[in-house]
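# Chains, contacts and geometry: an overview
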Amino acid sequence: MSTHDAVVALVTGGSRGIGAATALRLAQDGADVALTYASGERDAAEVVGAIEALGRRALAVRADVGDPAQAVAAVEETVRGLGRIDALVNNAGIGVLGPLEALTLADVDRVLAVNVRGVFLTTQAAAARMGSGGRIVTIGSCMAARVPGPGGTLYAMSKAALTGLNKALARELGERGITANLVHPGPVDTDMNPADGPYAAAQSALTALGRFGTTREVAGLVSFLAGPDATYVTGAEFAVDGGHAA
Ligand code: NDP
């Protein structure tokens, strides 16, 4: 029997990368899954098809989490389309790296809008609609704990903000039986950070395992935290980083 039967999950940024692998893993574990995307309609449709092929319900919602109204609308669409929301995976994120002096006001506003404000507003909307047993899992970054070189000011700031949010969510939502946890991936092979990219070898060298991770290696933990077995885990942070932080 599937562990996640009767769970309805929303994964932001579920059309590609870690979000797509997480949406699929949740469905393999028995959940029905809504996923958002910004522009990748075809990618999102492929993930929906793969989930439906597993016999689960799926829904793709175009929603830029950097837009406050769209972030809230994604949660509303999930409840309208799949009947409820039990688990939210805040995965959508963008990485803008560069020297401090080169980062523009537009860069700052966009990164904070997607990586921080979007997470806050999506969580606020989802928590308001969750019952006891609700799950909030947010994707941070290994750069929240350890910034191995220059160029990461804006991105690391945005991901470190999630630590405060996660702890405060756990405290505030605990009495309603809702948990909140934070997962910090290390270098993971995706479009954002390809394992054959120019900085890949340096990143691999920073891990204890000496390699990039795969999206599936992150998705397994996220699905556990979003599922019914993670009843006594909240306010916690987990590195899935090959030992980057060790
Ligand atoms: P990708 O760039 O490969 O995929 C990003 C996904 O998020 C896509 O589905 C994309 O949709 C969606 N997305 C991007 N911006 C928005 C937005 N504004 N609103 C809604 N959806 C959006 O990223 P990864 O899978 O690599 O990263 C996923 C998360 O993991 C991010 O939060 C990232 O910061 C974090 N992370 C990644 C690491 C890595 O090495 N890959 C390391 C540490 C953390 P679309 O297809 O429409 O563009």
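This one's a predicted model, so the numbers in the text were calculated from it and none came from an experiment.

Turning our attention to the sheet that holds strand β7 (residues 236–240). As summarised here, the arrangement of the 7 strands in space is β3-β2-β1-β4-β5-β6-β7, forming an open sheet in which the pairing is parallel. Either end of the sheet is taken by a strand with one partner, and the two such strands are β3 (58–62) and β7. Strand-to-strand twist in this sheet, taken as the mean axis angle between neighbours without regard to direction, amounts to 15 degrees. Examined bridge by bridge, strand β6 (residues 179–185) and β7 share 5 bridges and lie parallel to one another. What sits directly across from valine 183, in β7, is phenylalanine 238.

Further remarks concern the site of the ligand. Taken together, 32 residues lie around the ligand, and Ser15, Ser39, Gly40, Tyr155 and Thr190 are the ones closest in. The contact in question runs from an oxygen atom of the ligand to an N or O atom on the side chain of tyrosine 155, over 2.6 Å. Relative to its unbound accessible surface of 900 Å², the ligand loses 94% to contact with the protein. Of all the secondary-structure elements, those providing two or more residues to the shell around the ligand are α1 (17–28), α4 (105–127) and α5 (153–173). Here the residues of the shell around the ligand are counted per class, giving 14 nonpolar, 13 polar and 5 charged.

A few words now on the pairing of strand β4 (residues 87–90). By the alternation rule, side chains of β4 split into Ala87 and Val89 and Leu88 and Asn90, which are all buried. Where strand β1 (residues 8–11) lies against β4, 3 bridges are found, and the strand directions are parallel. Considered in β4, the bridge of alanine 9 is made with alanine 87. One ladder, built from 4 bridges, connects β4 with strand β5 (residues 135–139); its direction is parallel. Across the sheet, residue asparagine 90 finds its bridge partner in β5, namely threonine 138.

Here we take up the environment of valine 218. Residue placement: valine 218 occurs in helix α7 (residues 215–225). Judged by relative accessible area, which is 1%, valine 218 ranks as buried. C-alpha separation for the pair valine 218 and histidine 4, spaced 214 residues apart in sequence, amounts to 17 Å. Every residue in contact with valine 218, bar those within four places of it in the chain, is listed here: Ile18, Val183, Pro185, Val188 and Val240.

So, about the side chain of aspartate 32. In this fold, aspartate 32 is placed in strand β2 (residues 32–37). Of the residues examined, aspartate 32 reaches a relative accessible area of 10% and is grouped as buried. For aspartate 32, the side chain forms a polar contact with the main-chain nitrogen of arginine 57, separated by 2.9 Å.

Rules used throughout
Per-chain numbering applies: the sequence of each chain, read as written, is numbered from 1 onward. Where local features are concerned, this predicted model is filtered to residues with pLDDT of at least 70; where side-chain atom pairs are given and counted, the filter is 80 or more; whole-chain, interface and lining totals use all residues. Only hydrogens and water are set aside; all other atoms, that is, all heavy atoms of the structure, feed into the side-chain values. Note on pairing: two strands pair once DSSP finds at least 2 bridges between them. In this description a helix means any DSSP run of H or I spanning at least four residues, a strand means any run of E spanning at least two, and both kinds are numbered starting from the N terminus. Orientation is described by axes fitted as lines to C-alpha atoms, over the contacting stretch for helices, and by angles from 0 to 180 degrees between their N-to-C directions. By convention in this text, a residue qualifies as near a molecule or strand provided that one of its non-hydrogen atoms is within 4 Å of it. Under the rule applied, a polar contact is a pair of N or O atoms within 3.5 Å (in protein, one hydrogen donor and one hydrogen acceptor; residues adjacent in sequence only if both atoms are side-chain atoms). Surface accessibility follows the Shrake-Rupley procedure with a 1.4 Å probe radius. Residue values consider only the protein chains on display as shielding. Each residue is assigned to one of three groups, with Ala, Val, Leu, Ile, Met, Phe, Trp, Tyr, Cys and Pro labelled nonpolar, Asp, Glu, Lys and Arg labelled charged, and all others, Gly among them, labelled polar. A 1.4 Å probe rolled over the protein chains alone gives each residue an accessible area, and that area as a share of the maximum for its type sets the label: buried under 20%, exposed over 50%, partly exposed in between. Whether two residues are in contact is decided by their heavy atoms, any of which lying within 4.5 Å being enough.

Nothing here speaks to function; it is all geometry.
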